[in-house]
Amino acid sequence: VISALSIKAQRPATTNYDEAKVPVYTLPEVLKTGSGKAIKSAKAWEKLRRPEVLELFAENIYGPIPKDFDEIKFSLKNEDRNSMNGKAHLKEVLIEVFRNHKRIAINLTLFIPNNAKSPSPAFLLINNRGKENTDPTRLVKSEFWPAEVLIESGYAIAAIHVSDMAPDDKNEFMNGVLQLYPEQLNANNGMRAIAAWGWGASRVMDYFETDPQIDAKRVAITGHSRGGKASLWAAANDQRFALCISNCSGNTGAALARRQFGERVKVINTAFPHWFNTNYKKYNDHEELLPVDQHMLISLIAPRPVYATNASEDLWADPKGTFLSLKNAENVYGLYGKKSKLPEVAPGLNTPITEPPLAYHNREGKHDLRVYDWKQFIRFADNYYRKK
Ligand code: GCU
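Note that this is a predicted model, so its numbers are computed, not measured.

**Student:** How should the overall build of the protein be read in this particular structure?
**Tutor:** In terms of regular secondary structure, the protein is built from 13 helices and nine strands. Taken along its principal axes, the extent of the C-alpha atoms in the protein is 55 × 50 × 50 Å. Expressed as a percentage of the 388 residues in the protein, the buried residues total 59%.

Below, the structure is given as structure tokens:
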């Protein structure tokens, strides 16, 4: 409670942290089409409803993640077969993408376990913090991207930085992927920074599909906070991602908007006007008018597993609203015969539910991505891949 108050002091007065003041709300139905047809099978979901929901999110919130470009090139800029005392193979790969005579470049940092007997499953982080967090030399080690822990667990670990795709600044975000897609920039429903970050993650998938050391069928897309919003949108659009992890992603990430708890749509659109499309601004102060809510974003990822997290001192990201979002996606997983292992009410602090298809934990502490979180993600991936 104390931390909620201290957060509140820095936030606009409209921010609510009182559960009793959460409005009565009705979530849009996931399993009913716009024209009112009930969806009763995975086939009908995929054919009729899923495309509709994807389009609603693109149109009203994130903008699309365009799939067309003229050319993509991968070049190995640096490698070290004996990094981490011989435990890992470091690859620094430059990914260049061309469209309409423009070029953008994404720098991929990748460590692959040296003791792997077959292509390695991988985690890819969309890094929204300082580049030192993903130091290829390993002189700097950070809990945000604990590469050694992943390598010890048999996973390849990769990272790209958001600034390569869209600098995280309202005056600079267009100096990246949007240079390739100027028509998006001019459109009210066009892609902005979050979609551009997701686009970059898909280009890494393009690369992974060419690297024989990586099992491209077992790649988890991961992000923290704003990066976690992007990881969800990336996984919703690109079904090549086997798993999605969204750490403390909160508003317009894994948390339900209609609860209006913690961060609100107007607040996020005002502080970060470059994250979502222009249409989204129509919902400032009007979450109830959104044709979707965030449980539907998770539903788009089904039947692939999703892990969402929170931290106890991060009420801004609405832990309860995140759990409820996962719960309200359960029926879509059900269409695929995937039974949710989530309890009826949110588990207590530091009580991870790491069984697929829907995983959750609320870690004690601050808004952050830590080794504790990563260790749960590894368990989740282990649980999933072992069962497949
Ligand atoms: C701000 C923003 C959040 C975001 C967070 C972050 O707090 O309001 O929506 O998730 O930054 O990216 O750390």
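**Student:** Hey, could you run me through the nonpolar core in this one?
**Tutor:** Among soluble globular proteins, nonpolar side chains are generally buried collectively. By size, the foremost hydrophobic cluster in this structure holds 84 residues, and its most contacted members are Phe 57, Leu 108, Trp 197, Trp 199, Phe 208 and Trp 233. Broken down by element, this core gets its largest block of residues, eleven residues, from helix H7 (residues 193-208). Apart from residues lying up to four places away in sequence, Trp 197 is in contact with Ile 126, Val 162, Met 165, Ala 166, Asp 168, Arg 226, Ala 230 and Trp 275. Ranked by size, the runner-up nonpolar core spans 28 residues in total, among them Leu 90, Tyr 155, Ile 157 and Ala 220.

**Student:** Looking at this model, I keep getting lost on the site of the ligand. Mind explaining?
**Tutor:** Every residue lining the ligand is accounted for by Ser 225, Arg 226, Lys 229, Glu 263, Ile 268, Phe 272, Trp 275, Trp 316 and His 367. Residue Ser 225 places a side-chain N or O atom 2.5 Å away from an oxygen atom belonging to the ligand. The side chain of Glu 263 places a nitrogen or oxygen atom 2.5 Å from an oxygen atom of the ligand. For the ligand, whose unbound accessible area comes to 320 Å², protein coverage reaches 86%. Considering only residue class, the shell around the ligand consists of four nonpolar, two polar and three charged.

**Student:** How do you make sense of the sheet that holds strand S9 (residues 358-363) when you look at a structure like this?
**Tutor:** Picture the strands of a sheet paired through backbone hydrogen bonds; they go either parallel or antiparallel. The sheet built from nine strands is open, its strands ordered S1-S2-S3-S5-S4-S6-S7-S8-S9 with mixed pairing. With one partner strand each, in any of the chains shown, strand S1 (71-82) and S9 form the two edges of the open sheet. Sheet twist, expressed as the mean angle between neighbouring strand axes with direction ignored, is 20°. Pairing analysis gives four bridges linking strand S7 (residues 243-247) to strand S8 (residues 306-311), with the strands arranged parallel. Counterpart to Ile 245 in the pairing with S8 is Tyr 307.

**Student:** Can you walk me through the pairing of S8 in this structure?
**Tutor:** For a regular strand, the rule is simple: side chains alternate between the two faces of the sheet. Across the six residues of S8, six count as buried, placing the element largely inside the fold. Across the two faces of S8 the burial is the same, with Val 306, Ala 308 and Asn 310 and Tyr 307, Thr 309 and Ala 311 all buried. Note that S8 and S9 share six bridges and pair parallel. In the strand pairing of S9, Tyr 307 is matched with Ala 359.

**Student:** Where do I start with the side chain of Asn 60 in this structure?
**Tutor:** In this fold, Asn 60 is placed in helix H2 (residues 42-62). For Asn 60, a relative accessible area of 8% gives the class buried. Every residue in contact with Asn 60, bar those within four places of it in the chain, is listed here: Asn 277, Asn 279, Tyr 280, Tyr 283 and Pro 291.

**Student:** Help me understand the pattern of salt bridges in this model?
**Tutor:** One side chain can pair with another of opposite charge once the charged atoms of both are near each other. Counted under the stated rule, the structure contains 30 salt bridges. In this structure, the salt-bridge partner of Glu 52 is Arg 49, at a minimum N-O distance of 2.6 Å. With Glu 52 and Arg 49 both in helix H2 and three residues apart, this pair spans about one turn of that helix. Judged by its relative accessible area of 5%, Arg 49 is buried. One salt bridge connects Arg 240 with Asp 238, and the closest N-O pair in it is separated by 2.7 Å. Classification of Asp 238 by relative accessible area gives buried; the value is 9%. Through salt bridges with shared partners, a single network forms among Arg 203, Asp 206, Glu 209, Asp 238 and Arg 240.

**Student:** What exactly am I supposed to notice about helix H13 (residues 371-387) here?
**Tutor:** Helical geometry: 3.6 residues make up each α-helical turn, so side chains three or four residues apart lie on a common side. The terminal C-alpha atoms of H13 lie 24 Å apart, and with 17 residues this matches the ideal 24 Å at 1.5 Å per residue to within 8%. Along H13, the residues classified as buried are Val 371, Asp 373, Trp 374, Gln 376, Phe 377, Ile 378, Phe 380, Ala 381, Asn 383, Tyr 384 and Tyr 385.

**Student:** Got a minute to help me understand the environment of Gly 337 in this structure?
**Tutor:** Relative to the assigned elements, Gly 337 resides in the loop between helix H12 (330-335) and S9. On the basis of relative accessible area, Gly 337 is assigned to the exposed category, the value being 66%.

**Student:** Would you explain the packing of aromatic side chains in this entry?
**Tutor:** Two aromatic rings are characterised by how far apart their centres lie and by the angle between their planes. Evaluated as defined, the whole model comprises 21 aromatic pairs. When the centroid spacing of 5.7 Å and the interplanar angle of 70° are considered together, the rings of Tyr 62 and Phe 276 count as edge-to-face. Of the two residues, Tyr 62 sits in helix H2 while Phe 276 sits in the loop between helix H9 (265-271) and helix H10 (294-301), which places them 214 residues apart along the sequence. Of the residues examined, Tyr 62 reaches a relative accessible area of 0% and is grouped as buried. Judged by relative accessible area, Phe 276 falls into the buried class, the value being 0%. Taking the centre distance of 6.4 Å and the plane angle of 35° together, the rings of Tyr 155 and Tyr 385 count as tilted. In this pair, Tyr 155 is assigned in the loop between helix H4 (147-152) and strand S5 (156-161) and Tyr 385 in helix H13, connecting sequence segments 230 residues apart. Comparing Tyr 155 with Tyr 385, the two get one shared label, buried. Here the aromatic cluster, defined as three or more aromatic residues joined through ring pairs, consists of Phe 123, Tyr 155, Tyr 307, Trp 374, Phe 377, Phe 380, Tyr 384 and Tyr 385. For Arg 218, the ring lying beneath its charged end belongs to Tyr 385, and the centroid distance is 5.2 Å. The aromatic ring of Phe 261 is capped on one face by Arg 259, whose charged end is 5.2 Å from the ring centroid.

**Student:** Even after reading the chapter, I still don't get the packing of helix H8 (residues 226-237) against H10, so can you show me in this structure?
**Tutor:** One way to put it is that H8 packs onto H10 with a least axis distance of 7 Å and a crossing angle of 45°. With respect to each other, H8 and H10 are oriented oblique. Our pair here, H8 against H10, has a crossing hand that is left-handed. Between H8 and H10, the residues in contact are Leu 232, Trp 233, Ala 235 and Ala 236 and Leu 297, Ile 298, Leu 300 and Ile 301, respectively. Counted by class, the contact of H8 with H10 contains eight nonpolar, no polar and no charged residues.

Definitions and cut-offs
Residues numbered from 1 in each chain as written. Predicted model: local features only at pLDDT ≥ 70, side-chain atom pairs only at ≥ 80, totals over all residues. Heavy atoms only, no water. Helix = DSSP H or I, 4+ residues; strand = E, 2+ residues; numbered from the N terminus. Buried < 20%, exposed > 50% of the residue type's maximum accessible area, 1.4 Å probe, protein only. Core = buried A, V, L, I, M, F, W, Y, C linked by side-chain atoms within 4.5 Å. Contact = heavy atoms within 4.5 Å. Near = heavy atom within 4 Å. Polar contact = N/O pair within 3.5 Å; in protein donor to acceptor, adjacent residues only side chain to side chain. Areas by Shrake-Rupley, 256 points an atom, 1.4 Å probe, with all protein chains shown as cover. Nonpolar A, V, L, I, M, F, W, Y, C, P; charged D, E, K, R; others polar. Pairing = 2+ DSSP bridges. Axes fitted to C-alpha atoms, helices over the stretch in contact; angles between N-to-C directions. Salt bridge = Lys/Arg side-chain N within 4 Å of Asp/Glu carboxyl O. Expected span 1.5 Å × (residues − 1). Phe/Tyr/Trp six-rings, centres within 6.5 Å; stacked < 30°, edge-to-face > 60°. Lys NZ or Arg CZ within 6 Å of the ring centre and 35° of its normal. Parallel < 35°, antiparallel > 145°, perpendicular 65-115°, else oblique. Left-handed = near helix turned anticlockwise from the far one by under 90°.

These figures capture arrangement, not role.
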